[in-house]
Amino acid sequence: AHVLYFICDPTDHSIRGSQGQFPLTQNVTVIEGETATLTCRVDQNDNTSLQWSNPAQQTLYFDDKKALRDNRIELLRASWHELTIRVTDVSLSDEGQYTCSLFTMPVKTSKAFLTVLGVPESPQISGFVSPVMEGDRMELTCKTSGSKPAADIRWFKNDKEVKDVKYSKEEDANRKTFTVSSTMVFKADRNDDGAVVSCRVDHESLNSTPQIAMQVLEIHYIPSVKIIPSTPWPEEGQSITLICESKGKPLPDPVLWTKDGGELPDPERMVVNGRELNINLLNKTDNGTYRCEAENSIGLNSAEYVLIIHDVSNILLPITVIPSLTTATVTTTVALTSTAPSATAINTRDPNTLAGQSVPDHALIGGIVAVVVFVTLCSIILLGRYLARHKGTYLTNEAKGAEDAPDADTAIINAEGSQVNAEEKKEYFI
């Protein structure tokens, strides 16, 4: 009897090749309308055929032979080690699981899933009505269809993302793609006038280039009014310009200037130029409340400014005092100098806070009182000296004529008369 031995040689390529034969494939993702390439490779193949079939198990290519009549499907490479095909103008219906088969015994297969991305349509913003009145409630909705998977929507206002939004999605009629929408609700504010609101759609099919829809907001609002003076410390003889700064939409133009509730009293010196009121050669009669009114189609608003004219910094007041019953005249000139406010005080002082008030200069009043007291004392001293001299003369004359006079007045007359007679009785010798 003969015994047969089968020796397995590991270097035998036919055995090693049959054991190592296995097809290799990869999943493919492609955007709708683009081209998908399916590749099946075999590292070791002993002249065994390769085949590609679609999700419906229809043969596309058997080696280099086309089995399905579809002009979109083309052969790129066919060999014992590789079978590569290309599908152009891919549609959503092409999505699914494709199979590469290696016809060994038994047949070996490998699966490759083809994912087709649905591109979202350009977004549209709805719900915007222009213009919008300040304070109104605004509800804007951004919508896009045809995305697969569902797209993401984000809102921005002047490049700043708005987080408080409502997102929703629903399947399209083909049950493959989605329609997504997002709603942003906010209250119209004047600060939003001219703001750019944008809706951005992000999706993996867009290759990091999002689709954007934009809307510029137009908000109408009542004017805001403010009066700005050209100088914070108006003085007599100077000029001042009051600027009426008004902001509103529509723009309020022109503005109306009034004083103390009525028309401007001196049109020659008070000239209105656009939003400015120019007052020349200021005087105390210009003191009062000036009002600027601005009105547009939304409403009317106003602002007031209390104008107070201040005295000139340096004032000379001549004072002349003539005492009675004297021949002396005392003339005193007093220079009253009020210290001009520093730059800081001028900049920080608000003339509106001084309305209806006068701030006394105690140093000035004290100086005037001191001068008056001094002049009064000088007048009393001079008057006293004059009266004393007059009384001495009276007594001397009274003594001279008192010998034969019944009273003091007669004595004075006699004294004066005796002096005259004495002059007459003088004799001259030659």
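Description of the structure in this document. (Residues numbered from 1 in each chain as written. Predicted model: local features only at pLDDT ≥ 70, side-chain atom pairs only at ≥ 80, totals over all residues. Heavy atoms only, no water.)

**Some points on the overall build of the protein chain**
Piece 1. Per the secondary structure count, the protein chain includes 4 helices and 28 strands.
Piece 2. The buried share among the 430 residues of the protein chain stands at 33%.
Piece 3. For the protein chain, contacts bridging at least 24 residues in sequence account for 60% of all contacts bridging at least 6.
Piece 4. Total accessible area on the protein chain stands at roughly 26,900 Å², and carbon and sulfur atoms take up 53% of it. (Helix = DSSP H or I, 4+ residues; strand = E, 2+ residues; numbered from the N terminus. Buried < 20%, exposed > 50% of the residue type's maximum accessible area, 1.4 Å probe, protein only. Contact = heavy atoms within 4.5 Å. Areas by Shrake-Rupley, 256 points an atom, 1.4 Å probe, with all protein chains shown as cover.)

**Section: the state of the cysteines**
Piece 1. Tallied over the entire structure, the rule returns 3 disulfides.
Piece 2. One disulfide in the model links C40 with C100; its S-S distance is 1.8 Å. Judged by the torsion about the S-S bond (-75 degrees), the C40/C100 disulfide is left-handed. Of this pair, C40 sits in strand β3 (residues 36-42) while C100 sits in strand β9 (residues 96-102), and the two are 60 residues apart along the sequence.
Piece 3. At a sulfur-sulfur separation of 1.8 Å, the disulfide partner of C244 is C292. Taking the torsion about the S-S bond as the criterion, the C244 to C292 disulfide, at about -75 degrees, is left-handed. Placement of C244 in strand β21 (residues 240-249) and of C292 in strand β25 (residues 288-295) is noted, with a sequence separation of 48 residues between them.
Piece 4. Look at C244 and you get buried, because its relative accessible area is 1%. (Disulfide = S-S within 2.5 Å.)

**Some thoughts on the pattern of salt bridges**
Piece 1. If you walk through the whole model with that rule in mind, you get 23 salt bridges.
Piece 2. The residue E82 makes a salt bridge to R41 at a minimum N-O spacing of 4.0 Å. With E82 in strand β8 (residues 82-87) and R41 in strand β3, the pair connects residues that are 41 residues apart, well separated along the chain.
Piece 3. A relative accessible area of 44% places R41 in the partly exposed class.
Piece 4. Here E245 ties to K226 by a salt bridge, and the two come within 3.6 Å at their closest N and O atoms. Here the residue E245 occupies a position in strand β21, and K226 occupies one in strand β20 (residues 219-229), the gap between them amounting to 19 residues.
Piece 5. It is possible to trace a salt-bridge network through shared partners that takes in R154, E161, K163, R200 and D202. (Salt bridge = Lys/Arg side-chain N within 4 Å of Asp/Glu carboxyl O.)

**Considerations on the sheet that holds β21**
Adjacent strands of a sheet pair through backbone hydrogen bonds, lying either parallel or antiparallel.
Piece 1. Pairing is mixed in the open sheet, where 5 strands are placed in the order β12-β20-β21-β24-β23. Only two strands of the sheet have a single partner each, and these edge strands are β12 (132-133) and β23 (270-273).
Piece 2. Across 4 bridges, the pairing between β21 and strand β24 (residues 276-279) is antiparallel. Bridge pairing links L242 to L277 in β24. (Pairing = 2+ DSSP bridges.)

**Details of the nonpolar core**
Piece 1. The biggest cluster of nonpolar side chains holds 22 residues, and the ones touching the most others in it are L50, W52, I85 and L114.
Piece 2. Ranked by residues supplied to this core, first place goes to β3 with 4 residues.
Piece 3. When neighbours within four sequence positions are excluded, L114 is seen to be in contact with V28, V30, A36, D94, E95, G96 and Y98.
Piece 4. In this structure, A151, W155, V180 and M184 belong to the second largest nonpolar core, which totals 20 residues. (Core = buried A, V, L, I, M, F, W, Y, C linked by side-chain atoms within 4.5 Å.)

**Points about the sheet that holds β8**
Piece 1. Across the sheet, which stays open at both edges, the 4 strands sit in the order β1-β3-β8-β7 with antiparallel pairing between neighbours. Only two strands of the sheet have a single partner each, and these edge strands are β1 (23-24) and β7 (73-78).
Piece 2. Of the pairings in the sheet, the one linking β7 to β8 comprises 5 bridges and is antiparallel in character. Residue pairing in the sheet places L75 in a bridge with I85 of β8.

**Observations regarding the environment of R72**
Piece 1. With respect to the helices and strands, the residue R72 is situated in the loop between β6 (65-66) and β7.
Piece 2. As for R72 and R86, which are separated by 14 residues in sequence, their C-alpha atoms are 7.9 Å apart.
Piece 3. Once residues within four sequence positions are removed from consideration, R72 is found in contact with R86, V87, T88, D89, V90, S91 and D94.

**Describing the environment of T35**
Piece 1. Looking at where T35 falls in the secondary structure, it is placed in the loop between β2 (28-31) and β3.
Piece 2. A sequence separation of 53 residues divides T35 from T88, and the C-alpha atoms of the two residues are 4.3 Å apart.
Piece 3. Not counting chain neighbours up to four residues away, the residues in contact with T35 comprise V30, R86, V87, T88, D89 and V90.

**Here we look at the packing of aromatic side chains**
Piece 1. Under the definition given, this model contains 1 aromatic pair.
Piece 2. When the ring centre of F186 is taken as reference, the NZ or CZ atom of K157 above it lies at 4.4 Å.
Piece 3. Looking at K169, its charged tip hangs above the ring of F178, at a distance of 5.3 Å from the centre. (Phe/Tyr/Trp six-rings, centres within 6.5 Å; stacked < 30°, edge-to-face > 60°. Lys NZ or Arg CZ within 6 Å of the ring centre and 35° of its normal.)

**A few points about the pairing of β3**
Piece 1. Taken across its 7 residues, β3 has 5 buried, putting it largely inside the fold.
Piece 2. Inspection of the sheet shows β1 paired to β3 by 2 bridges, in the antiparallel sense. Bridge assignment links L24 to a residue of β3, and that residue is R41.
Piece 3. Examined bridge by bridge, β3 and β8 share 6 bridges and lie antiparallel to one another. For T37, the partnering residue across the bridge sits in β8 and is R86.

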